[in-house]
Structures are given as C-alpha cells and as structure tokens.
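Okay, here's what each chain looks like letter by letter:
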Amino acid sequence: MASRHGSRRRMYMKMVSSSLIRRASRLIIAVLAIAIGATILSGLVTIYYDIPEQLGREFRSYGANLIILPRGEAKITRETLNSLRDLIGENKIVGMAPYRYQTVKINEQPYIIAGTDLSQAEKNSPFWYIEGSWGNSQETSRVMVGHEIAQTLNLKLGDTFTVQGVKYGQQAEASRQDLSAEENQKRDLARQNFAKKLIVQGIVSTGGAEEGFIFADVDMLDELIGDTFRADVIECSIVADAGELTNLSTKIEREIPELQPRAVRRLTQSQDIVLGKLQALVLLVTVVVLIITMISVYTTMMAMVAERRREIALKKALGAENKLVMSELLGEGVLLGFIGGTLGVFLGFEFALRVSLNVFGRGINFQWALIPATIAVFITITVLASIIPVRKVMDIHPAIVLKGE
Amino acid sequence: MSRKILELKNVSKIYGNLKALADINLSVNAGDWLSIMGPSGSGKTTMINIIGCMDTPSIGSVILDDIDISKENAASLTRIRRDKIGLIFQQFHLISYLTAVENVMVAQYYHSMPDEQEAMEALEKVGLADRARHLPAQLSGGEQQRVCIARALINSPEILLGDEPTGNLDEENEGIVVDIFRRLHDEGVTIIIVTHDPEVGDVAQRKIILEHGKIVDDIDQSATFGEALKLRHNN
Ligand SMILES: Nc1ncnc2c1ncn2[C@@H]1O[C@H](COP(=O)(O)OP(=O)(O)OP(=O)(O)O)[C@@H](O)[C@H]1O
Ligand SMILES: [Mg+2]
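Residues numbered from 1 in each chain as written. Chains lettered and ligands numbered in written order. Predicted model: local features only at pLDDT ≥ 70, side-chain atom pairs only at ≥ 80, totals over all residues. Heavy atoms only, no water.

As for the overall build of chain B
Piece 1. In terms of regular secondary structure, chain B is built from eight helices and ten strands.
Piece 2. Relative to the globule expectation of 18 Å for 235 residues, the C-alpha radius of gyration of chain B, 17 Å, shows essentially globular dimensions.
Piece 3. Its C-alpha atoms give chain B principal-axis dimensions of about 50 × 45 × 35 Å.
Piece 4. In chain B, which comprises 235 residues, the share counted as buried stands at 58%.
Piece 5. When contacts within chain B are restricted to residue pairs at least 6 apart in sequence, long-range pairs at least 24 apart make up 67% of them.
Piece 6. Carbon and sulfur atoms make up 46% of the accessible area of chain B, which totals about 9700 Å². (Helix = DSSP H or I, 4+ residues; strand = E, 2+ residues; numbered from the N terminus. Rg over C-alpha atoms; globule rule 2.2 N^0.38 Å. Buried < 20%, exposed > 50% of the residue type's maximum accessible area, 1.4 Å probe, protein only. Contact = heavy atoms within 4.5 Å. Areas by Shrake-Rupley, 256 points an atom, 1.4 Å probe, with all protein chains shown as cover.)

Here it is, written out as structure tokens:
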C-alpha cells in the first residue's frame, strides 16, 4: 500500500515539476515577480530589525542621553564610576564623561571650570563646534573655553590666561596678628590658594550653556585644587531606546544606590518617535509589496488557468476530480512561491546590506530565521493568490472545451 | 447473444428551441463496433458526449453498463467516465509538457495507480515503444493519436469513444489507426466512433446516420464487415 501511494505521489510531483520546468519560459515572469517581492520583503524586514540598533548609534551623535548625579551631598568617586562602566557594559557605551565643576577667578571675575575626560566628552558631543581643537590628557594646560568666555576675556586660540582660586576643603584661615597684612596675604596664597596659567587650545560653540564654561582635563583640575577624583555628574551616551534606558536607570539605582540616573527625555523620545515612524513606513511598504506580489501572482495564475483550459478539461475528461486538478495547480503555485521566495531571501539580504552600508555606513547580520520565514510567507501568498484562479477549474466543462473545431 | 452495454431511451438534448438530439433510441451490445455519421450539426458530438458522461440529456435515460447515467450528478459522472469510458479526440489533446509514456500514465494516475511498465506495454501495442520518451511536439499527428488511443485504453474501459479520431490524420495514419481499432475489436473492446469519412464509417460492424438530431438510418454491416477486413488485409 505504501509503495502504491508513493507511486501516486511520484506521478503528482512529476506532473507539477514537469509543468514548471518544461514551461519555464512562461513562468519566469511569475517567479521574478515573487522573487522581487521576496527580495523587498526580506530586505525590509532585515532593515526593520536592524533600524533600532543602527538608528540608536546614529542618534548618539546628538549628545548624552543619560545623566548620572550623586544622591545627596557626596560626590562620585573613581570606584563608583568604574562600577557604573561595568554595569552598563562597554559595548553599549558610546561615551561616558565625568564632570567636576570648580569655581575659579580670572581677572577677579568668577568663572567655572568643568574638569572632564576630554576624549570621552568629545565622543558624547560630536555636534559641538570647536574652533581649534579638543584638549587632551597629555598637555593638560591646554584647555577649551566657551565662546562666551572667549568674547568677554577677548581670548583667541593660543592666548594664555590665569585661573586662581581656593584649594579644595580649605577655608580662609584667620590672619595672624604677628604678621603684617602683606605677609598674611602671601601665606594665604601659598597654602590655600592656587593659580595656574592655561592656554586656549579650542573655543567651544554650542549655542547653549557650554559656551560659559572652561573645559579642562579633570586630573589636572584635581591636582590644581589639591583633591582626589570627585565628579559632580556623569554624562553618558548609551546605545538604547527609551525603554532600555528606563530599565538601565532602574538597574543602576538598584545596584549602585549612591547614584541617581536621569534619562534625557527630549532625546530618547525623539529617537523613539523617529524610530516609530521609520518602522511604520517600513511596515507600510512591506504590506504594499505583499499586496502587489499577490496581485501579480493572481493575474499570472489567472492567465495560466485560462491558457491551460484544454489541459484542465482533458484531465477532467480522463476522470480527474476537481480537487485533484486544483491541487496540482496549487502545487505549482507552492513551487513557484518556494523558488521565488528562496531567490528573494538572498537577494533581499544583499539589498538590505547595501541600504545599510549606504545609509548607516554599517553592515548587518544575516538573519537565518528569515530563510524559512520568507519562503513560508511567499508560499502562503502564492497559495492565497491562487485560490480564486484555481477555483476556475470547477467552471471548465470538458465537453465544451474539448469540442472538435 | 452478447450483453447490452449501452442503451439510450427517448433521449433528447434541447438548447433553447433547438433540438440537438430528438428522441433517440439506441442500444449497443458489448463488443460492437459502431460508427456514427451524419452532416455537420446533426448531433453526433452531442450524442457521444452524453454517452461519454461529459454531458447529460434534457429528456430520456441513458443506461451504461446497467447504470442510468442520466440521473447522476457531475461528480459521479466523472467517476463513471473514469472507470468505463476511454476517450480519443480529433485534436489528440496530449499534455504538452509530458512525454508519451507520461501522458499514458496520467490516465492511470487519475484512475488508480500509475504503472510505467503497463503504460509502456500499451504504447507497444500501438507500435510506439520507441517514441515513449518523446514530448507530443516531437511526434507526428498519427503518432500522437496512437498515444491518445493507448491512453484511452490503459484503464480497460467498457467503451472506447472517438469523436472524429481520424479527422486530423492523413490516409496512411488513418489506416494505422483503423487497424488498431480492428485489433481492439478482435479483443472484444466496444468501439463507438463519430466520423465524416465514409471509409472509416464503412469498416464498422454497424453504422447509424444522424440528421437533425434523429437516427435516420441504422445499417448492419456485419455481412460486409469481414469483407472490408479482408480487403484491407489484401492491400
Ligand atoms: N452548448 C451548446 N449550446 C447551444 N447549442 C449547441 C451546443 N452544443 C451544440 N449545439 C448545437 O447542437 C447542434 C448539434 O451539435 P453537434 O456538435 O452535436 O453537431 P455535430 O454533429 O457534432 O457537428 P460536426 O459534424 O460539425 O461536429 C448544433 O446545431 C449545435 O449548434
Ligand atoms: Mg462534432
């Protein structure tokens, strides 16, 4: 019995495949239509899943999206900074810059120095417009000044200026009676105060508050004021959408209670909005492509049934039930969908890769799961699109179609 | 006296106000060789379609192998046709993308079980064993019609029906096909053939003439049947 069934199935496969192979030239258009549909579909799906990651990185050029403050009066130590780095994970971090703010005097006027890791700050803020260049941790007396300060103090690139201030943790000591006023002043200067000549390496223009700061290497600043590392705030640029940032914040609060994370909502929200719109667009295009593919398969199958009326009539005259003839035509549809879908998956990856390279300047990962998924989708589509054409089989009367002319 | 394989009782086929068949009565014995002749539009195709379960009469009953097929629905007509009727056509109607032997196997497939061995034997019987792997386009008209006959016979039908089976053939191929009919007749196959060709009509045992949907003549040719046979063989 098994071999008998096998033999029937073999004949079925023979008929279906011969019909496709020996009529290949007629079917190229149909396969092409399905393959193009599958190409666009699998390409778009690949991009769809890659967009959050790609766009996330792209959005990181708009600045820090997570600000970390100390909880309470205490400042953030080097150890806390390091454990934060570990907690977030190196691969998610685009930039992580600690800031220490210190009031200093220049020409007896108060200004604020922001001590930071300049290379990290640069990664956080690629959109800053810098005249000259960013300072570095080697030549620490070369610093950046905000555009506003540069204007008030009339500073140009390469100019020097002196910052003065009171060292960390020192209150002005009471003057000693036995010393003259000048001597007291000198003593104060030596013990409690600092002064340092700095060189303008860069001038920062952002259109924002940054223009009122001096940016210097944090270690230099610490040394200058005679203290160890203590940050007032950490600015982080992290690859994450709003949801992931919220999760990350909760995690940070739980794991490192002395920190207080704040997501920069304006940024993460607009990232999510752009992302949402892009994905909706991709989805829309996908649906349109599916519909167009269905229409083209439908018309192809319609034409095929019309073209093969005689053959269908003959099969019915030989005693084939409608169901059997329809299953053969559907079988051909499934095979078409399979071939077109398979072609499309690989072309689609190529397509997605090109788009990604051109738009985001990055490659993408091949999604293996996309192979069976795309093939299944296109088999389903061809079968769905074939239902109405294939049902035409029932209206074909052998006596009328096969009548001698 | 042989068994009655087919009986038409008061059969009419009416299209609007046209009677394609008008009150036909006919009975055919198993093993008979019958030819149907008559002018164009006289109802030959209509009659053979009704006998072949591809159409139903408007009035009357058709008894095929003890079953009244005029009362059956389309699905059971398909089944009866599959089991009892072998069809050959003027235009051959082979499936273009299948080889000769595969075309024969299609009939087996719809009937029961494809069997290549058996299909090859059927092709051998019509003298086409060496053309079995050719596609219809690679065969001559006569060869295509022989494939068609092999296909019609593969499931051992009760009746072999042909509507102008030699209509598209030259004289030589017509002779080959008629010879095959003769051999099948010897084997006891019931044959009903519509033809315009008097020669083909004359070789049958019995010839009926249709005019305006009526049988106007029913000629017993069994007396000359052997003669015609001899004549052919002497040629
Ligand atoms: N489906 C139909 N609808 C209407 N009239 C039909 C139909 N089929 C056949 N007829 C008519 O019935 C009559 C008999 O037709 P039929 O095909 O049986 O003739 P025929 O004897 O086979 O002729 P030919 O020798 O030309 O093949 C013709 O007048 C034809 O026009
Ligand atoms: Mg006719």
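Read on for the rest.
Section: a negative patch on the surface
Piece 1. Residues D115, E118, E121 and E124 of chain B make up a contiguous surface patch of negative charge.
Piece 2. Summarising the element assignment, D115 of chain B is placed in the loop between α3 (100–111) and α4 (116–125). (Patch = residues over 30% accessible without salt bridge, like charges linked within 9 Å, V, L, I, M, F, W, Y side chains within 5 Å. Salt bridge = Lys/Arg side-chain N within 4 Å of Asp/Glu carboxyl O. Lys, Arg positive; Asp, Glu negative; His and termini not counted. Charge placed at Lys NZ, Arg CZ, Asp CG, Glu CD.)

What to know about the packing of aromatic side chains
Residues and elements named next belong to chain A.
Piece 1. Taken as a whole and assessed by the stated rule, the structure comprises seven aromatic pairs over all chains.
Piece 2. Ring centres of W128 and W134 lie 5.4 Å apart, and the angle between their planes is 10°; this geometry places the pair in the stacked category. We note that W128, like W134, is buried.
Piece 3. Three or more aromatic residues joined by ring pairs form one cluster here, namely Y99, Y101, W128, W134, F213 and F215.
Piece 4. Cation over ring: R78 sits above F229, and NZ or CZ is 4.1 Å from the ring centre.
Piece 5. Lying over the aromatic face of Y168, R100 brings its terminal NZ or CZ to 5.2 Å of the ring centre. (Phe/Tyr/Trp six-rings, centres within 6.5 Å; stacked < 30°, edge-to-face > 60°. Lys NZ or Arg CZ within 6 Å of the ring centre and 35° of its normal.)

Side note on the sheet that holds strand β1 (residues 4–15) of chain B
All names here are of chain B.
Piece 1. What the four strands build is an open sheet, ordered β2-β1-β4-β5; its pairing is antiparallel. For this open sheet the edge positions go to β2 (18–29) and β5 (67–68), each flanked by a neighbour on one side alone.
Piece 2. Contacts between helix α1 (residues 44–51) and the sheet are confined to β1, β2 and β4 (59–64), with β1 contributing the most and set at about 125° to the helix. (Pairing = 2+ DSSP bridges. Axes fitted to C-alpha atoms, helices over the stretch in contact; angles between N-to-C directions.)

Side note on the sheet that holds strand β8 (residues 190–194) of chain B
Residues and elements named next belong to chain B.
Piece 1. Read from one edge of the open sheet, six strands run β6-β7-β8-β3-β9-β10, paired in mixed fashion. Whereas interior strands pair on both sides, the edge strands pair on one side only; in this sheet they are β6 (85–89) and β10 (214–220). Between one strand and the next, the sheet's axes are offset by a mean angle of 15°, whatever the strand orientation.
Piece 2. Relative to strand β7 (residues 159–163), α1 is tilted by about 155°, and along the sheet it contacts β3 (33–37), β6, β7, β8 and β9 (206–211).

Things to note about the nonpolar core
Piece 1. Of all hydrophobic cores here, the largest spans 106 residues; its most connected members are L6, L8, W33, M47, L123, F181 and I192 of chain B.
Piece 2. For this core, the leading source of residues is α3 of chain B, giving eight residues.
Piece 3. Leave out the neighbours within four places in its chain, and M47 of chain B touches L8, L21, I24, L26, I36, I208 and L210 of chain B.
Piece 4. Y111, I149, F161 and I203 of chain A belong to the second-largest nonpolar core, a separate cluster that totals 22 residues. (Core = buried A, V, L, I, M, F, W, Y, C linked by side-chain atoms within 4.5 Å.)

Overview of unusual backbone geometry
Residues and elements named next belong to chain B.
Piece 1. If you check the backbone angles, E164 has positive phi at about 55° while not being a glycine.
Piece 2. Residue position: E164 is located in the loop between β7 and α6 (171–186).
Piece 3. In the Ramachandran plot, H212 falls in the positive-phi region, its phi being about 50° despite a non-glycine side chain.
Piece 4. Looking at where H212 falls in the secondary structure, it is placed in the loop between β9 and β10.

Re the interface of chain B and chain A
Piece 1. At the junction of the two partners, chain B supplies 26 residues and chain A supplies 31 residues.
Piece 2. Buried surface at the junction of chain B and chain A, both sides included, amounts to about 2700 Å², of which 64% is carbon and sulfur.
Piece 3. Summed over the shared surface of chain B and chain A, the result is three salt bridges.
Piece 4. When the shortest N-O distance is used, the salt bridge between E102 of chain B and R22 of chain A registers 3.3 Å.
Piece 5. Linking chain B with chain A are 16 residue pairs in polar contact (both at pLDDT 80 or more), by the criterion used here.
Piece 6. Every element with two or more residues in the side of chain B that touches chain A is listed here: α1, α2 (74–84), β6 and α3 of chain B. (Buried area = accessible area lost by both parts, 1.4 Å probe. Polar contact = N/O pair within 3.5 Å; in protein donor to acceptor, adjacent residues only side chain to side chain.)

Digging into the domain arrangement of chain A
Residues and elements named next belong to chain A.
Piece 1. Parsing chain A into structural domains produces domain 1 (9–58 + 272–402) and domain 2 (65–263).
Piece 2. On a C-alpha basis, the centres of domain 1 and domain 2 stand 60 Å from each other.
Piece 3. Tallying the contact residues gives four residues for domain 1 and five residues for domain 2.
Piece 4. For domain 1, the biggest contributors to the area lost against domain 2 are G56, R57 and D272; these three give 79% of the whole.
Piece 5. Remark: the boundary between domain 1 and domain 2 carries zero salt bridges. (Domains from an automatic or database assignment.)

A closer look at the packing of helix α9 (residues 265–307) of chain A against helix α12 (residues 370–391) of chain A
Residue and element names in this part refer to chain A.
Piece 1. Running from amino to carboxyl end, α9 crosses α12 at an angle of 45°, the nearest separation of the two axes being 8 Å. Comparing the axis directions of α9 and α12 gives the class oblique. Crossing handedness for the pair α9 and α12: right-handed. For the pair formed by α9 and α12, the contact residues are L290, T293, M294, V297, Y298, M301, M302 and V305 on the first element and V377, F378, I381, T382, L384, A385, S386, I388, P389 and V390 on the second. (Parallel < 35°, antiparallel > 145°, perpendicular 65-115°, else oblique. Left-handed = near helix turned anticlockwise from the far one by under 90°.)

Observations regarding the environment of L353 of chain A
Piece 1. Secondary-structure assignment places L353 of chain A in helix α11 (residues 322–359).
Piece 2. Here the alpha-carbon distance between L353 of chain A and M304 of chain A, two residues 49 residues apart in the chain, equals 35 Å.

Observations concerning the pairing of β8 of chain B
Residue and element names in this part refer to chain B.
Piece 1. β8 sits mainly inside the fold: five of its five residues count as buried.
Piece 2. Residues T190, I192 and V194 of β8 are buried on one face, and the alternating residues I191 and I193, pointing to the opposite face, are buried as well.
Piece 3. Where β3 lies against β8, four bridges are found, and the strand directions are parallel. Bridge pairing links W33 to I191 in β8.
Piece 4. Viewed along the sheet, the connection from β7 through α6 into β8 turns out right-handed. (Right-handed = clockwise from strand over helix to strand, strands pointing away.)

Concerning the site of ligand 1
Residues and elements named next belong to chain B.
Piece 1. In the vicinity of ligand 1 there are 13 residues, among which S40, G41, K44, T45 and T46 approach most closely.
Piece 2. Separating an oxygen atom of ligand 1 from a side-chain N or O atom of S40 is a distance of 2.5 Å.
Piece 3. Contacts to ligand 1 include T45, whose side-chain N or O atom sits 2.6 Å from an oxygen atom.
Piece 4. When residues of the shell around ligand 1 are traced back to their parent elements, those giving at least two are β2 and α1.
Piece 5. Top element by residues in the shell around ligand 1 is α1. It accounts for three residues.
Piece 6. Residues of the shell around ligand 1, tallied by class, amount to four nonpolar, seven polar and two charged. (Near = heavy atom within 4 Å. Nonpolar A, V, L, I, M, F, W, Y, C, P; charged D, E, K, R; others polar.)

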